[in-house]
Amino acid sequence: GAGVSQSPSNKVTEKGKDVELRCDPISGHTALYWYRQSLGQGLEFLIYFQGNSAPDKSGLPSDRFSAERTGGSVSTLTIQRTQQEDSAVYLCASSFRPSSGNTIYFGEGSWLTVV
Amino acid sequence: DQQVKQNSPSLSVQEGRISILNCDYTNSMFDYFLWYKKYPAEGPTFLISISSIKDKNEDGRFTVFLNKSAKHLSLHIVPSQPGDSAVYFCAASASGTYKYIFGTGTRLKVLA
C-alpha cells in the first residue's frame, strides 16, 4: 500500500488478556517505529527496528510489552496481561533511512481500550 | 525529563489571522526538527521540517522558524483556516540517532 497500515484500528479487550497489534510499513522503508499516545499525553517512543540490527527496546514500559519484525517488513506489537493503563492509541511509523533528517510517516493507529 | 516542550496545550485563532505554535527543546544535540498535524482518530501527518543549518523554512502557508541559541522553534500558519484545527506536535532528533522525541502537542482551533 501507499502508506503505513495498522490493524486492528480499534480493539476493546478485557483486563488480563493479551493483544497483538500489527503494522505494515511503507514499502522500501527500512526503519520502523512504535509510539504510544495515552489520553492527554504526547507521543511516547516504544521501540525501533532497523534492518537486521537488534531493536532499540528502551521505550517499552514493562516486560509485558514485546515486539518483533519479521522479514524486515511487518511488525507485531504484543501486550500481555493487559492493564487499564495500557489503554492508548498505538502508532506505527516508518522511514526510508534511520538517520536524522529523514521524515517518519505514521499509520492511522490502533486504538486500544482495556476494560 | 521532557526534552521537547510545547507549553501551550491549546490555542484559538480567528480565521484569516496568523497562528503561532511554539516549541522549546533542551538538548543542544538536536539538529533536525519536524512538525506534525493530527486530526482526531487519525495518525499524525507530516507538515514541515527544518535542519539546524537553517533558521527558516517555508512551505505555502506554513513557515517554521528555528532559534538555536534560544533552543526554540515556532510554526507560523498564515492565513489560518478552519481546516487547520488539529493538534500540532513538534519533534526533534540528533544526527547519528534515529529516535524522534515528540512534544505533548498544542491543540489549535481556528474560529470561522
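This report concerns the structure included in the present document. Only a predicted model underlies this, so the values are computations on that prediction, with no experimental measurement involved. (Residues numbered from 1 in each chain as written. Chains lettered and ligands numbered in written order. Predicted model: local features only at pLDDT ≥ 70, side-chain atom pairs only at ≥ 80, totals over all residues. Heavy atoms only, no water.)

As for the environment of Asn57 of chain B
Residues and elements named next belong to chain B. What counts is decided by this rule: The secondary structure listing takes helices from DSSP runs of H or I that are at least 4 residues long and strands from runs of E that are at least 2 residues long, numbered from the N terminus. The contact criterion used is simple: two residues touch if any of their non-hydrogen atoms lie within 4.5 Å. Throughout this description, a polar contact denotes any pair of N or O atoms lying within 3.5 Å of each other; where both atoms belong to protein, one of them has to be capable of donating a hydrogen while the other can accept it, and for residues adjacent in sequence the pair is counted only when both atoms sit in side chains.
The residue Asn57 is located in strand S6 (residues 56-59) in this model. Distance from Asn57 to Leu75, taken between C-alpha atoms, is 9.7 Å for residues 18 residues apart in sequence. Look past the residues within four positions of Asn57 in its chain and what remains in contact with it is Ile48, Ser49, Ile50, Phe62, Thr63 and Val64. At 2.7 Å, the side chain of Asn57 and the backbone oxygen of Ser49 are in polar contact.

Focus on a nonpolar patch on the surface
All names here are of chain B. Threshold: Only residues whose relative accessible area exceeds 30% and that form no salt bridge are eligible for patches; like-charged ones are grouped when within 9 Å, while nonpolar side chains (Val, Leu, Ile, Met, Phe, Trp, Tyr) are grouped when within 5 Å. All accessible-area figures derive from a Shrake-Rupley calculation using a 1.4 Å probe, and residue coverage is judged against the displayed protein chains alone. The salt bridge definition used is simple: a Lys or Arg side-chain nitrogen within 4 Å of an Asp or Glu carboxyl oxygen. For the exposure calls, accessible area comes from a 1.4 Å probe over protein chains only, and a residue counts as buried if that area is under 20% of its type's maximum, exposed if over 50%, partly exposed in between.
Judged by side-chain polarity, Ile18, Ile20 and Val78 come together as a nonpolar surface patch covering roughly 230 Å² of accessible area. Take Ile20: it is sitting in strand S3 (residues 19-25). You can call Ile20 partly exposed: its relative accessible area is 38%.

As for the state of the cysteines
The test is simple: By disulfide we mean two sulfur atoms from cysteines, separated by a distance within 2.5 Å.
The final tally for this structure, using the stated rule, is two disulfides over all chains. Paired by a disulfide, Cys23 of chain A and Cys92 of chain A hold their sulfur atoms 1.9 Å apart. Judged by the sign of its S-S torsion, about -70 degrees, the cystine formed by Cys23 of chain A and Cys92 of chain A is left-handed. On the criterion of sequence distance, the pair formed by Cys23 of chain A in strand S3 (residues 19-24) and Cys92 of chain A in strand S8 (residues 88-95) is long-range, its members being 69 residues apart. Note on Cys23 of chain A: relative accessible area 0%, which makes it buried. Classification of Cys92 of chain A as buried rests on a relative accessible area of 0%. Each sulfur in the disulfide pair Cys23 of chain B and Cys90 of chain B lies 1.9 Å from the other. With the S-S bond torsion at 65 degrees, the cross-link from Cys23 of chain B to Cys90 of chain B turns out right-handed. In this pair, Cys23 of chain B is assigned in strand S3 and Cys90 of chain B in strand S9 (residues 86-94), connecting sequence segments 67 residues apart.

Digging into the sheet that holds strand S1 (residues 4-5) of chain B
All names here are of chain B. The test is simple: Should DSSP find at least two bridges between two strands, the strands are taken to pair.
One open sheet accounts for five strands, arranged S1-S3-S8-S7-S6; its pairing is antiparallel. Where the open sheet ends on each side, the last strands, each with one partner, are S1 and S6. Across six bridges, the pairing between S3 and strand S8 (residues 72-77) is antiparallel. Bridge assignment links Asp24 to a residue of S8, and that residue is His72.

A look at the interface of chain A and chain B
Often, the extent of an interface is quoted as the loss of accessible area on bringing the components together. The cut-off we apply is this: By convention, the term buried area covers the 1.4 Å-probe accessible surface removed from two parts as they join, with the contributions of both added. Asp, Glu, Lys and Arg are counted as charged, while Ala, Val, Leu, Ile, Met, Phe, Trp, Tyr, Cys and Pro are counted as nonpolar; the rest, among them Gly, fall into the polar class.
Contacts between the two partners involve 22 residues from chain A and, on the opposite side, 21 residues from chain B. Interface area, chain A with chain B, both sides summed: about 1800 Å², of which 59% is carbon and sulfur. Between chain A and chain B we count one salt bridge in total. One salt bridge connects Asp56 of chain A with Lys99 of chain B, and the closest N-O pair in it is separated by 3.7 Å. Where chain A meets chain B, there are three residue pairs in polar contact (both at pLDDT 80 or more). Contributions of two or more residues to the side of chain A that touches chain B are made by strand S4 (31-37) and strand S5 (43-50) of chain A. Across the side of chain A that touches chain B, the residue classes tally to ten nonpolar, ten polar and two charged.

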